[in-house]
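Observations on the model geometry
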Amino acid sequence: MALKFQYDPWPIAKTVEIGCETYSTSALPKGIRVIDDIGIAAADALDGSLLYRAPTVLYEVRSTITPGGDYLVMFPVGGHYNQTDRKINTMMALRSSDKGKTWSNPYVAFNIEYNQHGFIPLIPKGSKRIYSFGTQAVFGLFTREDGLFENAPIGYLYSDDDGFTWKGPTLINPVNDPGFTGMSVMRMCETNKGTWLLGTHEGYHDPQPCKSNLYMLRSEDQGESWELLPGRRTNGWHVMPFHRMDEGRPIQVGDRILFITRTPQGHLWALWSDDDGKTWTDPVPTPLVHPDAPPMITHLSDGKTLVCLHHNRFHDFEYTGLDANKVSIMGDRSEIWAAFSSDCGKTWSEPGFLYCNAVAYKEGWPPFFNNQCSYNDLYVDGNVVNIYVPHRWHQVLHLQIKEEDLLKLPKKNELM
């Protein structure tokens, strides 16, 4: 890419772990190289740039192609939305008008009086309006007491000028569960019939181990009214014995909708709907190996094939909660593989290796930061897959790979 590197590169580690094997960064398997400027070891066909490095921390990076054709990337900088009861973060933005070759300087996406979580983009079919859905941690409307700090109103802002200025927020008040609070940061779906589907979950962190329940917010009238599925709190979907299910991502293929979701069980799980999201199958595990981390999925250019980025690692067989200091949990977030499905997520291909963290461990940082390659956001533009990464929760990476090369990634038995 033509973007000039603006930050001093982080030191590269002497070794990396790929597919549970340790390799020297000076002698990686054929077809894999270190990209020093951005701190990853990647398949040869993957290219990348460092777009931004935060002075403190940043969190979920989300992106869209605006109605005007710009690449728009937004992410909160300064702390997590539920970290404190005072204002500590700001939603920042970057734009590119040349398909990621060059980028604007970072700027404030919108000034708002409470802490931001993530940008869930939605541009309804036939519209030039951009919505920014997500958790709205409005002070006074959520509490950090009694282990409820994850739960806040869900809502949206919108822009009618290609994402330069925003109005809102509007808070979602489901007709069957007024006052619902939860968390929502995964991409949403507008169905073929124009229905809006947005995943959300509620968390209970007191007492430990914590519990969570997954839901779907559904609107048939473009956000005028919403229903909470499968029903009122606290009857959401969850996986036993953990009583956990988080961060669901709905996506449609043909007339069927997949709802793929995070669990601590060691795999991504899935539900399906054949009636425009009104009713759903029971959750079942997919073959996609994954720790307690989010799904990362989109369509390829044919609109029929799904690509799911997943960590392809799971080592925490004594799970008692998401512990930022536990290597068996956070170490599994250090590498990204890609698998494909042509039947709306019922079956998946053997995964191919895409990239992993190659930066040396920093003293004083917990595994949560040192290993972080999770929460990838991705879309396809033409024949190019664009991937955005909140790398080590401190820098924004923009990765690109041609779709044909993504389909040819090396499998585990080819890494030699």
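Residues numbered from 1 in each chain as written. Predicted model: local features only at pLDDT ≥ 70, side-chain atom pairs only at ≥ 80, totals over all residues. Heavy atoms only, no water.

Here's the deal with the nonpolar core
One recurring pattern in soluble globular proteins is that nonpolar side chains are buried together. The criterion, for reference: We call a set of buried residues a nonpolar core when its members are Ala, Val, Leu, Ile, Met, Phe, Trp, Tyr or Cys and they connect through side-chain atoms within 4.5 Å of each other. Buried residues are those whose accessible area, probed at 1.4 Å on protein chains only, stays under 20% of the maximum for their type, while exposed residues exceed 50% and partly exposed ones sit between those limits. Contacts are residue-level and defined by heavy atoms, with any inter-residue pair within 4.5 Å sufficient.
Ile40, Leu309, Leu354, Tyr355, Leu399 and Leu406 are the most contacted members of the largest nonpolar core, which totals 26 residues. The contacts of Tyr355, once residues within four sequence positions are left out, are Ile40, Ala41, Ala42, Leu46, Glu335, Ile336, Cys373, Asn376, Val389 and Leu399. Counting 19 residues, the second-largest nonpolar core is a separate cluster that includes Tyr81, Ala152, Tyr375 and Trp393.

Looking at the side chain of His243
Worth spelling out the cut-off: Numbering goes from the N terminus for both helices and strands, where a helix is a DSSP run of H or I of at least four residues and a strand is a run of E of at least two.
Here His243 shows up in the loop between strand E17 (227–229) and strand E18 (246–253). Exposure remark for His243: the relative accessible area of 18% places this residue in the buried category. Apart from the residues within four sequence positions on either side, His243 is in contact with Lys211, Ser212, Asn213 and His238.

Observations concerning the packing of aromatic side chains
Just so we agree on the cut-off: Any two rings among Phe, Tyr and Trp, with Trp reduced to its six-membered ring, count as a pair given centres within 6.5 Å; such a pair is stacked if its planes are under 30 degrees apart, edge-to-face if over 60, and tilted if neither.
Here the structure, examined in full by the defined rule, presents 27 aromatic pairs. Where Phe259 meets Trp280, the ring centres are 5.6 Å apart and the plane angle is 50°; that geometry is what we call tilted. Taken together, the residues span a long stretch of sequence, with Phe259 in strand E19 (residues 256–262) and Trp280 in the loop between strand E20 (267–273) and strand E21 (284–289) at a distance of 21 residues. Pair check on accessibility: Phe259 and Trp280 agree, each one buried.

Observations regarding the side chain of Thr66
Spelled out, the test is: Polar contacts, as counted here, are pairs of nitrogen or oxygen atoms within 3.5 Å of one another; within protein the pair requires one atom able to donate a hydrogen and one able to accept it, and residues that are adjacent in sequence qualify only if both atoms are side-chain atoms.
With respect to the helices, strands and loops of the structure, Thr66 is situated in the loop between strand E6 (62–65) and strand E7 (71–77). A polar atom in the side chain of Thr66 sits 2.8 Å from the side chain of Asp162. Those residues in contact with Thr66 that lie beyond four places of it in its chain are Leu72, Arg95, Ile123, Ile130 and Asp162.

Comments concerning the pattern of salt bridges
Selection criterion: Within this document, salt bridges are pairs made up of a side-chain nitrogen of Lys or Arg and a carboxyl oxygen of Asp or Glu, the two lying within 4 Å of each other.
Evaluation of the coordinates by the stated rule reveals 18 salt bridges. A salt bridge links Lys125 to Glu190, with the nearest nitrogen and oxygen atoms 3.5 Å apart. In this pair, Lys125 is assigned in the loop between strand E10 (120–122) and strand E11 (130–135) and Glu190 in strand E14 (residues 189–190), connecting sequence segments 65 residues apart. One network of salt bridges, in which partners are shared, links Glu17, Arg313, Asp332 and Glu335.

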